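Inside the fold
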Amino acid sequence: MQCCCGEENKLENRFPDTEVDLKPLDVVLEKYKGIKGSLITILQKTQEIYGYLPRRALQHIADVIGVKPAKILGAATFYTQFRFQPIGKYLVMLCQGTACHVNGSEKIEDAICDELKIKDGETTEDRLFTLENVACLGCCSLAPVMMINGEAYGKLTPESARKVIREIFKNETNS
Amino acid sequence: MRVRIGLGSCGIAAGAKKVIAELEKKLAEKDLGIKIEQTGCIGMCFNEPLLEVFDDEGKVSLYGKVTPEAVDRIVEEHIIGGSPVTEFLVSDDDMTFLTRQKRVALRNCGNIDPENIDDYMANNGYKAFEKCLKEMTQEEVIEQIKVSGLRGRGGAGFPTWFKWNATLNAKGAPPKYIICNADEGDPGAFMDRSLLEGDPNSVMEGMMIAGYAVGASEGVFYVRAEYPLAIKRLEMAIEQARERGLLGKNILGTNFSFDLRIKAGAGAFVCGEETALIASLEGERGMPRLKPPFPAQKGYWQQPTNINNVETYANVPWILFNGGSAFSAMGTATSKGTKVFALAGKIKRGGLVEVPMGIPLREVIFGIGGGITDDREIKGVQMGGPSGGCIPKELLDTPVDYESIVKTGAIMGSGGMIVMDETTCMVDMAKFFLDFTQKESCGKCYHCRLGTKRMLEILTRISEGEGKDGDIEILDELAVKIKEGSLCGLGQSAPNPAQSTVRYFRKEYEKHIYDHKCPSKKCKALLTFTIDEDKCTGCTLCARKCAVEAIKGEKKKAHTIDQTLCIKCGNCADVCRFGAVMID
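Note that the structure is a prediction, hence the values are computed from the model and not measured.

At the junction of the two partners, chain A supplies 34 residues and chain B supplies 49 residues. Carbon and sulfur atoms supply 56% of the area buried between chain A and chain B, which totals about 3,200 Å² over both sides. Taken together, the links from chain A to chain B amount to 3 salt bridges. When the shortest N-O distance is used, the salt bridge between K107 of chain A and D574 of chain B registers 3.1 Å. At the boundary of chain A and chain B, one finds 16 residue pairs in polar contact (both at pLDDT 80 or more). Secondary-structure elements contributing two or more residues to the side of chain A that touches chain B are α3 (39–50), α5 (69–78), α6 (98–102) and α7 (105–116) of chain A. For the side of chain A that touches chain B, the element with the highest residue contribution is α5 of chain A, accounting for 5 residues.

The next thing to look at is the domain arrangement of chain A. As assigned here, chain A comprises domain 1 (9–78) and domain 2 (90–174). Centre-to-centre, using C-alpha coordinates, domain 1 of chain A lies 29 Å away from domain 2 of chain A.

Our next topic: the pattern of salt bridges. On inspection of all chains with the given rule, the structure shows 53 salt bridges over all chains. R4 of chain B is the salt-bridge partner of E52 of chain B, the closest N and O atoms lying 3.0 Å from each other. Placement of E52 of chain B in strand β3 (residues 51–54) and of R4 of chain B in strand β1 (residues 2–6) is noted, with a sequence separation of 48 residues between them. The salt bridge partner of E22 of chain B is K25 of chain B, with a shortest N-O separation of 3.8 Å. In this pair, E22 of chain B and K25 of chain B are both assigned in helix α2 (residues 16–30), 3 residues apart and thus about one turn of the helix distant. For E22 of chain B, a relative accessible area of 15% translates into the label buried. Where salt bridges share partners, they join D114, E115, K117, R162 and R166 of chain A into one cluster.

The volume enclosed by the second largest pocket comes to roughly 1,600 Å³. In terms of lining, the second largest pocket is formed by 50 residues, of which the most central are N103, G104, K107 and P158 of chain A together with D574 of chain B. Of all the secondary-structure elements, those providing two or more residues to the lining of the second largest pocket are α6, α7 and α8 (158–174) of chain A together with β9 (338–345) and α24 (571–575) of chain B.

What follows deals with helix α13 (residues 310–322) of chain B. Residues and elements named next belong to chain B. Of all 13 residues making up α13, 11 are buried, and the element is well covered by its neighbours. By the burial criterion, the buried members of α13 are V310, E311, T312, Y313, A314, N315, V316, P317, W318, I319 and L320. The opening residue of α13 is N309, an N-cap whose side-chain oxygen sits 2.8 Å from the backbone nitrogen of E311. Phi for G323, located one or two positions after α13, is positive at around 95°.

Turning our attention to the sheet that holds strand β8 (residues 305–309) of chain B. Backbone-to-backbone hydrogen bonds pair the strands of a sheet. The strands run either parallel or antiparallel. Residues and elements named next belong to chain B. Pairing is parallel in the open sheet, where 4 strands are placed in the order β7-β6-β5-β8. Since the sheet does not close on itself, it has two edges, and those belong to β7 (259–265) and β8, each with one partner. The average angle at which neighbouring strand axes cross in this sheet is 20°, direction not considered. As paired strands, strand β5 (residues 177–182) and strand β6 (residues 218–224) are joined by 6 bridges and run parallel to one another. For Y177, the partnering residue across the bridge sits in β6 and is E218. Packing of helix α10 (residues 200–214) onto the sheet brings it into contact with β5, β6, β7 and β8, and relative to β5 it is tilted by some 150°.

Bringing unusual backbone geometry into the picture now. Peptide bonds are, in most cases, trans, and in most cases residues other than glycine have a negative phi. Residues and elements named next belong to chain B. With an omega of -10°, the peptide bond running from E48 to P49 counts as cis. Mapped onto the secondary structure, P49 falls in the loop between β2 (36–39) and β3. The omega torsion across K291 and P292 is 0°, close enough to zero to call that bond cis. Looking at where P292 falls in the secondary structure, it is placed in the loop between α12 (274–281) and β8. The backbone phi angle of D375 is positive, close to 55°, even though this residue is not glycine.

About the cut-offs
- Residues numbered from 1 in each chain as written.
- Chains lettered and ligands numbered in written order.
- Predicted model: local features only at pLDDT ≥ 70, side-chain atom pairs only at ≥ 80, totals over all residues.
- Heavy atoms only, no water.
- Contact = heavy atoms within 4.5 Å.
- Buried area = accessible area lost by both parts, 1.4 Å probe.
- Salt bridge = Lys/Arg side-chain N within 4 Å of Asp/Glu carboxyl O.
- Polar contact = N/O pair within 3.5 Å; in protein donor to acceptor, adjacent residues only side chain to side chain.
- Helix = DSSP H or I, 4+ residues; strand = E, 2+ residues; numbered from the N terminus.
- Domains from an automatic or database assignment.
- Buried < 20%, exposed > 50% of the residue type's maximum accessible area, 1.4 Å probe, protein only.
- 1 Å grid on protein atoms, 1.4 Å probe; cavity = no way out; pocket = protein on both sides within 12 Å on 5 of 7 lines; lining within 4 Å.
- Points joined across faces, edges and corners; volume = space filled by probe spheres on them.
- Pairing = 2+ DSSP bridges.
- Axes fitted to C-alpha atoms, helices over the stretch in contact; angles between N-to-C directions.

Written as structure tokens, this is what we have:
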């Protein structure tokens, strides 16, 4: 019998089994493995290293700290901060908080999706941009807001959002 | 002459760093020997970036929406020339945003350098803590909190002294813990962030006093990872407090030993609930558990734990310094003191405001906030975020206190206040919040996990023109069941946005369901776009912008929209310069 979830939800696709260098992770594990309650901190440090949580890294954490992989995956998938796919060079975080919603973040999303030809959570083929809807960036008085690699852009219109993306794209292709 | 710039997240997002770069360049060029000082959030987010100039005579000039170009003139004309550049100054009208407030928790925000503990100490910082350690017993400290009438500022409004007392009297072997809940999950609220960024020491001092009062040895900040600047400033403040012997062993020569550390949350709304927060601190999935036992008896690692919110702790040093009765002199019979709100949405002057409890909502929105963007008609205000409800304009004279707000169907919440105007669709708002809570439900309770999803499905259907007779009744029934069948505050309050909008805006729901119309013109599926032949000049702009080529017509002649092709994206209405595209 075939699974009703479809191909994209298959475990292998959600958690790609790619080769990663585990050395920097060992430094983190060395520091935290004896401290109880530090699993989430370890996962956060792992994501800082790789930009996401690679499946092999999760397996490695399980082996070293002696916790079942199921428990690690259970904790990791619970929190929205953690990603399981590599991201592009630029992470576009589009605020979907209440103030942004009231001030038209939906139209900004439409414009960005159209400009990049991707949907929420996806990465462009050239691996330049990843789009991620986030709950709130906390700069509500500048709504609607997006943040690209830590830099905030406020009071967006569909046109100004497109312009920001185009500007980055232009700089990338020229350099 | 001194200059100071506001460097909260809002200021930085609005371009404060570019302003600093330009200012540094200019000041160096002119060799004026003036150092640029920094401060946290002033609260006037709508006028960021903000720059203050202090003349030698003590006169303060506040410049708003400062651009690098404006910096050049401010340096030339004001700092060198001595006369303020009036056109860039924040207007007198905008200044009422600050003068109408009463600042207790935010007393230092925007007045001190958050990265320098000496600045905090120069403003009576840590004096209350020292007084507690050296002159007061644990019971006396708790008594002052009781006299103050301080209630939890995280949303539920539980009396703070009661929690402290329960933790103090908890039986069992040490240690005890103090936790600061800084997992500000309400999308549209930024009080905690601003406080931690603008005045981390006052929150720390509040925790240290709580630590002394309940006999705890360690305090933990649980801060959202999305607030990197708040975490950075907290780290600095904790380090500086350790250097000065305010944290560590035998503080200030007494027997009291206490230390603080920070743990970054990983993004889960439910972790605002205290038992879920504790589970998360212990490295587990953030799922709530049944109470009792309360954290005061069995909390972090099963030890007695006191949890309060950021703003609650920030009030504590003020209360101990000025006395509990000074605090209870403000506010109403049951809600004492002040409350901080994050004012946002369709508001002219959005930002951080702190007002005495009991003032009417109207005063906050119109008096301080300056009214609605573009002078449109106000429709209502959402308080308490996804756990709260919508208060309609008819009830704007409701006083801001815990009980009065609950009576309207909303909750005080942590302080998110989103103003909505006639262009905001209430079905869409309910759908927005249910979408949020159904994603954030931890899944432990059946009613919350599935009930919120079913509510969202119904709301989605209504907003797409597929609403059915009886839908409103099912929504109501589901709301009651979810509230009854959920363990924690998330589930117990998740139906509030839908329930309160049904209560006050039932006609709007009925319009969607029976007439297939969205009066606020927000629900795309219910809209029809047509072109007014008299207004259309045939400029062809809309036709060129139409993604599906649904707009036909010759140049300089009126165009028409093919309804069978139209996807209702609204591009044509956005680009038309003649107002010829009609939306119904």
